[in-house]
There are 2 protein chains.
Amino acid sequence: MARERVTSFDVAREAGVSQSAVSRAYTPGASIAKATKEKVLAAALKLGYQPNAIARSLISRRSNMIGIVMADIVNPFYPAVLDMFLRQLQERGHRVMLFMATRGQTIDDLLPQLLEYQVDGVVITSSTLSSEMAEHCARLGTPVALFNRYVANVEASSVCCDNIGAGRAVADLLLDAGHQQLGYIAGIENTSTNKDREYGFSSRIEERRAKPMRREVGNYTYEDGYQAALRLFEASPTPDAIFCANDIMALGALDALRGPLKLRVPEDVSVIGFDDISASSWQGYRLTSIRLPVERMVETTINHLIERIENPDTPLLATLESIELAIRDSARLPEHIGLYHTWEKVD
Amino acid sequence: MARERVTSFDVAREAGVSQSAVSRAYTPGASIAKATKEKVLAAALKLGYQPNAIARSLISRRSNMIGIVMADIVNPFYPAVLDMFLRQLQERGHRVMLFMATRGQTIDDLLPQLLEYQVDGVVITSSTLSSEMAEHCARLGTPVALFNRYVANVEASSVCCDNIGAGRAVADLLLDAGHQQLGYIAGIENTSTNKDREYGFSSRIEERRAKPMRREVGNYTYEDGYQAALRLFEASPTPDAIFCANDIMALGALDALRGPLKLRVPEDVSVIGFDDISASSWQGYRLTSIRLPVERMVETTINHLIERIENPDTPLLATLESIELAIRDSARLPEHIGLYHTWEKVD
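Scope of this entry: the structure provided in the associated data block.

Definitions and cut-offs
- All residue numbers refer to position in the chain's written sequence, counted from 1.
- Think of it this way: whatever chain is written first is A, whatever ligand is written first is 1, and the rest follow in order.
- The predicted origin of the model limits local features to residues at a pLDDT of at least 70 and limits the giving and counting of side-chain atom pairs to 80 or more, whereas totals for whole chains, interfaces and linings rest on all residues.
- Contacts are defined on C-beta atoms placed from the backbone: any two residues whose C-beta positions lie within 7 Å are in contact.
- The way it works is that DSSP assigns letters per residue, a run of H or I at least four long becomes a helix, a run of E at least two long becomes a strand, and they are numbered from the N terminus.
- Put simply, Ala, Val, Leu, Ile, Met, Phe, Trp, Tyr, Cys and Pro go in the nonpolar bin, Asp, Glu, Lys and Arg in the charged bin, and everything else, Gly too, in the polar bin.
- When DSSP finds two or more bridges between two strands, those strands count as paired.
- A fitted line through C-alpha atoms serves as each axis, taken over the contacting stretch for helices, and the angle formed by two N-to-C directions is quoted from 0 to 180°.
- With C-beta atoms placed from the backbone, a residue counts as buried when 20 or more other C-beta atoms lie within 10 Å of its own, as exposed when 12 or fewer do, and as partly exposed for counts between those limits.
- A residue counts toward the fit only if its pLDDT is at least 70 in both copies, and the copies are then superposed by least squares on the C-alpha atoms of those residues.

Contacts between chain B and chain A engage 46 residues on the former and 46 residues on the latter. Of all elements in the fold, only helix H4 (53-60), helix H5 (77-91), strand S2 (95-100), helix H6 (107-116), helix H7 (131-140), helix H10 (222-232) and helix H11 (247-258) of chain B reach the threshold of two or more residues within the side of chain B that touches chain A. The dominant element in the side of chain B that touches chain A, judged by the number of residues it contributes, is H5 of chain B, at seven residues. Within the side of chain B that touches chain A, the residues separate by chemical class into 25 nonpolar, 13 polar and eight charged. Two strands pair when backbone bridges link them, and strand S2 (residues 95-100) of chain A and S2 of chain B are joined in this way by three bridges, in the antiparallel orientation.

In structure tokens form, the structure reads like this:
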């Protein structure tokens, strides 16, 4: 079981370079000629040399690891987000420790496990954070950023989009286009994303004194979205437009409308989703959907975390990004879409 | 910047428990009463105590981290796989360091970065491995398992499914059902999954002296699968059945067939995919597809890795799991499907 300890000096001798060149070959972003680096790596491979980032991190107090906590990587919105985080973090020489919050597990249960590994920072995409745990992270000097989530009065940064504003804007769009009875398919009910989208949508309907919205729950899944759409048509008044709190449910709703309900979209019923996942642009669906500026949100989150890691005095960040409308074929829209100046037309 | 060092003794005193209870509260799987653990965690939170897994790993030579390398987490097959790995590894107290191989990056570039973090084992889902790098891992005592991939003559384990056998079986199924001209939509051409599925399919067509297959490339994406299906119908002989090397391309092909090509599925053209992703069961598609026993493959991979971590003399593993057919509505099949005894009918 004893592993022979090959040192960086052995590698330097074998490669015919300085020990500092060996060190630079293993430092992300360090300046070193490509040919030299290749010589070092070949010598390392030959001798079985492997530098130890763990031992290094005990001295530097930087692990170069960022922890990411997700809850639902099967919903296609999150793999796309994770993909962007991984690409951008790896490009900058950071490693990713990924944690999944399973149902019933709170972030307060999971965070200590990440912190044990001395991650330099944490991104939470899944859930909120207690103020005790946020304080614990702050005391350890580990910055935390909530992605697409926010919590009031907690020592954590938040990069979020304007979910309430989006809900309001969708209500305006659908009412301005002449729809009479709006319906809403809710996601998982206690999530902040669902609560905010629903609050914006329903409160705007009330403000405009339109008919109260009909509502069913789709739990952010295709199957439940499909069933929720069927239920919306079991009793009158049936909706002539449905806003779904995410795209996966909207795709289920589209299949229910065109399939067993034999309704035309958008002639009989308009459907608008949220997230603009790639399946929404598939020819079989062509769903009109709310698009978050995900790439920019990921970049903002990473920039801010790195800034706080390097300078702990950096103030907390709370951004509320505006969203866009990806216009396809599933909804009747008002003629003067130009009024909604934050919308952008896509494909 | 100095972080106060709170020790496990401070926490034990605060919680009114022994120091060994504090230690057990932070050891995954250790025996400790729930009430005691809660007392310890509350005291730790109050004092700002955080155990250091990194320092511990330098002593124990176990980091409890497993590295996973993926290439394509946007294709919905891989998030489902990652989800299973995360759940099963976390349940056993392991942490996951996730790496993404971007285009042009070989596993030989990435592995040293994982090894720097002293991961206990590595799962590679994306690509093959040079024999030099496999030897390097073996020398360090870090077991490597290829998931859904294999490489001959390399010191790594492999948990794979029978892609060649699946290709042969699909050719048999389609020819036995009376199809005359088979088509194939290929994935990324240099991947082992695509090569094996194609080899099995085309060689079986030849053996049975059926008409040579028509072939287009769909690069494992929806858009390219859609375009590949259009190209298959630009020249005769046009196919009356298409086997797609993954489901995402098959969904694109279905939309091209039913949309611009105005063909009926399966009356005019049968379509069979591979992977059985969740979108294939959506009512708008109902794709017949090859299903891998993913849950079992993930479990086998983890069991084997852990066994090799605990006992380095454990021999390498090479499994070739048989696959199943998820029968839905997109393909005409022979009457006596019972002949294909490895197939299993689903929903």
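After presenting the structure, the write-up continues.
All right, on to the sheet that holds strand S6 (residues 182-186) of chain A then. All names here are of chain A. A sheet is described by the order of its strands in space; here six strands give the open sequence S7-S6-S8-S9-S10-S12, paired in mixed fashion. Lying at the two open borders of the sheet, with one neighbouring strand each, are strand S7 (214-217) and strand S12 (324-326). For this sheet the average axis-to-axis angle between neighbouring strands, irrespective of direction, equals 20 degrees. Most of the contacts of helix H9 (residues 192-207) go to S6, to which it runs at about 170 degrees, and overall it touches S6, strand S8 (241-244) and strand S9 (270-274).

Among all residues except glycine, the phi angle is most often negative; among peptide bonds, the trans geometry is most common. Backbone torsion omega between Ser 236 of chain A and Pro 237 of chain A reads 0 degrees, so that peptide bond is classified as cis. Of note, Pro 237 of chain A is situated in the loop between helix H10 (222-232) and S8. Even without glycine at this site, Asp 276 of chain A takes up a positive phi of about 50 degrees. With respect to the helices and strands, the residue Asp 276 of chain A is situated in the loop between S9 and strand S10 (288-291). We classify Asp 276 of chain A as buried; it has 24 C-beta atoms within 10 Å. Of note in this structure, Lys 262 of chain B is not a glycine but carries a positive phi near 50 degrees. Position of Lys 262 of chain B among the secondary structure elements: in the loop between H11 and strand S9 (270-274).

Attention shifts here to the relation of the copies chain B and chain A. The transform that puts chain B on chain A rotates by 180 degrees and translates by 0.0 Å along the axis, for an RMSD of 0.1 Å. Those values place the two copies in the arrangement expected of a two-fold rotation axis. For chain B, the minimum C-alpha distance to the rotation axis belongs to Met 97 of chain B and amounts to 2.2 Å. Looking at the interface residues of chain B, 100% of them are also at the interface in chain A, so both copies use one shared face.

We now examine the pairing of strand S4 (residues 144-147) of chain B. All names here are of chain B. Every second residue of S4 is oriented toward a common face, with Val 144 and Leu 146 on one face and Ala 145 and Phe 147 on the other, all of them buried. Direction of pairing for strand S3 (residues 121-124) relative to S4: parallel, over a ladder of three bridges. In the strand pairing of S4, Val 122 is matched with Val 144. Pairing analysis gives three bridges linking S4 to strand S5 (residues 157-161), with the strands arranged parallel. Across the sheet, Phe 147 pairs through a bridge with Val 159, a residue of S5.

That's the geometry; what it means functionally is another story.
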